[in-house]
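Below are the chains, spelled out letter by letter.
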Amino acid sequence: SAQMQTATDRTVRIDVVYLEERPDEDDGPFLTEEGELLEVLVALIGSHVERDEYVQQLELNNDELETKTKHLDAILRHTTRPLFMKSIDGEYLVANQAYLDLFELETDDLIGRTDFDLHPEEIAKEVWANDRTVLETETPMEIEERILVEGRERLYLSSKVPIYFDDESAGPDAVFGMATDITE
């Protein structure tokens, strides 16, 4: 019987039972060949335990991610104001149902497209300029924007904020916005 350490400093107790009389050698608790074999087995057992713990952690992370995704999806589905997020290149990343309904679009029709794909050039330039201001100054802003909806010009108060996915020192990764129709 002996205790051995795995690569991650876990202690494993090893008991060897001999079916015949153990040969007389002074190699510690095990014969040299046994010790080498047991070291390999301990490494394999340690790897298996680590893998199981890693899989359990991944399952917990996946559950947490799934819960957060459900929460965000619920917000997007049930918020009545149009919401959107665009990349630093102006491509739509996310939009809620209210935004999609406003332009009679499906999600697949919007994601990856820009305002230049959706609006007349004059309007798209104005909206893009506002997005760039938020991204470049890294400052939230509220601005009135003219948008064509069903062929009619509408006036929206858009609240836009820079979004950072990872490191804020690298600058914003997206712009998030919420629009309120203030047309009289």
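Residues numbered from 1 in each chain as written. Predicted model: local features only at pLDDT ≥ 70, side-chain atom pairs only at ≥ 80, totals over all residues. Heavy atoms only, no water.

K.L.:
With reference to specific residues and values, describe helix 5 (residues 121-137).
P.N.:
An α-helical turn contains 3.6 residues, so any two residues separated by three or four positions project in the same direction. The terminal C-alpha atoms of helix 5 lie 24 Å apart, and with 17 residues this matches the ideal 24 Å at 1.5 Å per residue to within 8%. Considering only its buried residues, helix 5 is in contact with strand 3 (83-87), helix 4 (115-118), strand 5 (141-149), strand 6 (152-163) and strand 7 (174-181). Following helix 5 by one or two positions, Glu138 adopts a phi angle in the positive range, close to 55°. (Helix = DSSP H or I, 4+ residues; strand = E, 2+ residues; numbered from the N terminus. Expected span 1.5 Å × (residues − 1). Contact = heavy atoms within 4.5 Å.)

K.L.:
Please provide a residue-by-residue account of the sheet that holds strand 3, values included.
P.N.:
On the basis of which strands lie adjacent, the open sheet formed by 5 strands has the order 4-3-7-6-5 and antiparallel pairing. Each edge of the sheet is formed by a strand with only one pairing partner; in this case those strands are strand 4 (92-95) and strand 5. Each adjacent strand pair in this sheet contributes to an overall mean axis angle of 30°, direction not counted. Strand direction decides the pairing type here: strand 3 and strand 4, joined by 3 bridges, are antiparallel. For Met85, the partnering residue across the bridge sits in strand 4 and is Val94. Sheet contacts for helix 5: strand 3, strand 5, strand 6 and strand 7; angle to strand 5, the most-contacted strand, approximately 160°. (Pairing = 2+ DSSP bridges. Axes fitted to C-alpha atoms, helices over the stretch in contact; angles between N-to-C directions.)

K.L.:
So, the pairing of strand 3: which residues are in play, and what are the values?
P.N.:
Within strand 3, 5 of the 5 residues are buried, which leaves the element mostly enclosed by the surrounding structure. Across the two faces of strand 3 the burial is the same, with Leu83, Met85 and Ser87 and Phe84 and Lys86 all buried. Both strand 3 and strand 7 contribute to a ladder of 5 bridges, which runs antiparallel. Bridging from a neighbouring strand, Ser87 pairs with Ala174 of strand 7. (Buried < 20%, exposed > 50% of the residue type's maximum accessible area, 1.4 Å probe, protein only.)

K.L.:
I'd like a description of the pattern of salt bridges, backed by residues and values.
P.N.:
Applying the stated criterion to the full structure yields 13 salt bridges. The residue Glu136 makes a salt bridge to Arg132 at a minimum N-O spacing of 3.3 Å. Taken as a pair, Glu136 and Arg132 lie in helix 5 at a separation of 4 residues, close to a single helical turn. Glu136 gets classed as exposed once you look at its relative accessible area, which sits at 56%. Residue Arg132 is classed as partly exposed on the basis of its relative accessible area, which comes to 27%. Among the charged side chains, a network of salt bridges with common partners joins Lys86, Asp115, Asp131, Glu145 and Lys160. (Salt bridge = Lys/Arg side-chain N within 4 Å of Asp/Glu carboxyl O.)

K.L.:
Please provide a residue-by-residue account of the layout of surface pockets, values included.
P.N.:
In this structure, the largest pocket spans a volume of roughly 230 Å³. In terms of lining residues, the largest pocket is bounded by Thr69, Leu72, Asp73, Ile75, Leu76, Leu83, Met85, Val94 and Phe176. Looking at the lining of the largest pocket, the elements with two or more residues in it are helix 1 (32-78) and strand 3. Tallied by class, residues from the lining of the largest pocket come to 7 nonpolar, 1 polar and 1 charged. (1 Å grid on protein atoms, 1.4 Å probe; cavity = no way out; pocket = protein on both sides within 12 Å on 5 of 7 lines; lining within 4 Å. Points joined across faces, edges and corners; volume = space filled by probe spheres on them. Nonpolar A, V, L, I, M, F, W, Y, C, P; charged D, E, K, R; others polar.)

Read these as layout, nothing more, since geometry by itself doesn't imply function.
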